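As a plain string of letters, each chain reads:
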Amino acid sequence: FDKLKEQMQARLKQEVDRVQRFQAELQQSQDLLDTVEQGVNNLYFRMSCVPVEGLPSASSTDSIDKLRDISARLPTLKQRASAQKPEISGLDQERVYSLLEQLNTMELRTNKRPTTPIG
């Protein structure tokens, strides 16, 4: 009986370890999904300012609908951007890139969440 009990406890421990690994992987996947959804939301918000004929201005709540809306606006935005001449020099462009890198770094620092499962 004791030997069977030890075997069952060993199997239980293995199963608990396996479940904990899956929970950690699930949490990492959820964090990645949250990051992607935040990026889609940010892009959707920015792209919603680009008026497109025939495209309703109703706000979407589903990420897939937001991506479709963004895709519909991209050709118009590309056409408008290619029609404009750049207004900044190479030096100014480097400054803009540097500022954007700093802002992204600051945003990453403020959006960090614990990677270990809670509870």
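Caption draft 1: Quick look at the overall build of the protein chain. Scanning the protein chain from terminus to terminus reveals three helices and zero strands. In the protein chain, the order of α-helices and β-strands from amino to carboxyl end is α-α-α. Counting all 119 residues of the protein chain, 10% fall into the buried class. Counting only contacts in the protein chain whose residues sit at least 6 apart along the sequence, the fraction spanning at least 24 positions is 63%. Entry remark: accessible area of the protein chain is about 10,600 Å², with carbon and sulfur atoms responsible for 57%.

Caption draft 2: Structural view of the confidence of the model for the protein chain. Residues of the protein chain with pLDDT of at least 70 account for 85%, and the chain-wide mean is 82. Mean pLDDT in the protein chain bottoms out at helix α3 (residues 90-110), which sits at 78, and peaks at helix α1 (residues 2-47), which reaches 93.

Caption draft 3: Quick peek at α1. With 46 residues, α1 ought to run about 68 Å at 1.5 Å a step, and its terminal C-alpha atoms sit 66 Å apart, in line with that. By the burial criterion, the buried members of α1 are Asp31, Val40, Tyr44 and Met47. Turning to α1, the residues buried within the fold contact α2 (63-83).

Caption draft 4: Layout of the packing of α1 against α2. One can describe the packing of α1 onto α2 by two numbers: an axis separation of 10 Å at closest approach and a directional angle of 45°. By the criterion of interaxial angle, the relationship of α1 to α2 is oblique. As for the relative orientation of α1 and α2, their crossing is left-handed in sense. Taking contact as the criterion, the partners of Glu37, Val40, Asn41, Leu43, Tyr44 and Met47 in α1 are, on α2, Ser63, Lys66, Leu67, Asp69, Ile70, Arg73, Leu74 and Leu77.

Caption draft 5: Fine view of the side chain of Lys66. Mapped onto the secondary structure, Lys66 falls in helix α2. For the buried Lys66, no salt bridge exists, and the shortest N-O distance to an oppositely charged side chain is 8.3 Å, to Glu37. Within the structure, the side chain of Lys66 is placed 2.5 Å from the side chain of Asn41, a separation counted as a polar contact.

Caption draft 6: Representation of a nonpolar patch on the surface within the structure. Taken together, the side chains of Val96, Tyr97, Leu99, Leu100, Leu103 and Met106 make up a nonpolar region of the molecular surface, amounting to roughly 550 Å² of accessible area. On the secondary structure map, Tyr97 appears in helix α3. By relative accessible area, Tyr97 is classed as partly exposed at 42%.

Caption draft 7: Molecular detail of the pattern of salt bridges. Scanning the model with the defined rule gives four salt bridges in all. One salt bridge in this structure joins Arg18 and Glu15, with 2.5 Å as the shortest N-O distance. Within this pair, Arg18 and its partner Glu15 are both found in helix α1, separated by three residues, close to a single helical turn. Take Glu15: its relative accessible area is 37%, and that puts it in the partly exposed class. With a closest N to O distance of 3.2 Å, Arg68 and Asp65 form a salt bridge. Taken together, the residues Arg68 and Asp65, both in helix α2 and three residues apart, mark about one turn of the helix. Its relative accessible area of 56% is what places Arg68 among the exposed residues. Residue Asp65 is classed as partly exposed on the basis of its relative accessible area of 35%.

About the thresholds
- Residues numbered from 1 in each chain as written.
- Predicted model: local features only at pLDDT ≥ 70, side-chain atom pairs only at ≥ 80, totals over all residues.
- Heavy atoms only, no water.
- Helix = DSSP H or I, 4+ residues; strand = E, 2+ residues; numbered from the N terminus.
- Buried < 20%, exposed > 50% of the residue type's maximum accessible area, 1.4 Å probe, protein only.
- Contact = heavy atoms within 4.5 Å.
- Areas by Shrake-Rupley, 256 points an atom, 1.4 Å probe, with all protein chains shown as cover.
- pLDDT = per-residue confidence, 0-100.
- Expected span 1.5 Å × (residues − 1).
- Axes fitted to C-alpha atoms, helices over the stretch in contact; angles between N-to-C directions.
- Parallel < 35°, antiparallel > 145°, perpendicular 65-115°, else oblique.
- Left-handed = near helix turned anticlockwise from the far one by under 90°.
- Lys, Arg positive; Asp, Glu negative; His and termini not counted.
- Salt bridge = Lys/Arg side-chain N within 4 Å of Asp/Glu carboxyl O.
- Polar contact = N/O pair within 3.5 Å; in protein donor to acceptor, adjacent residues only side chain to side chain.
- Patch = residues over 30% accessible without salt bridge, like charges linked within 9 Å, V, L, I, M, F, W, Y side chains within 5 Å.

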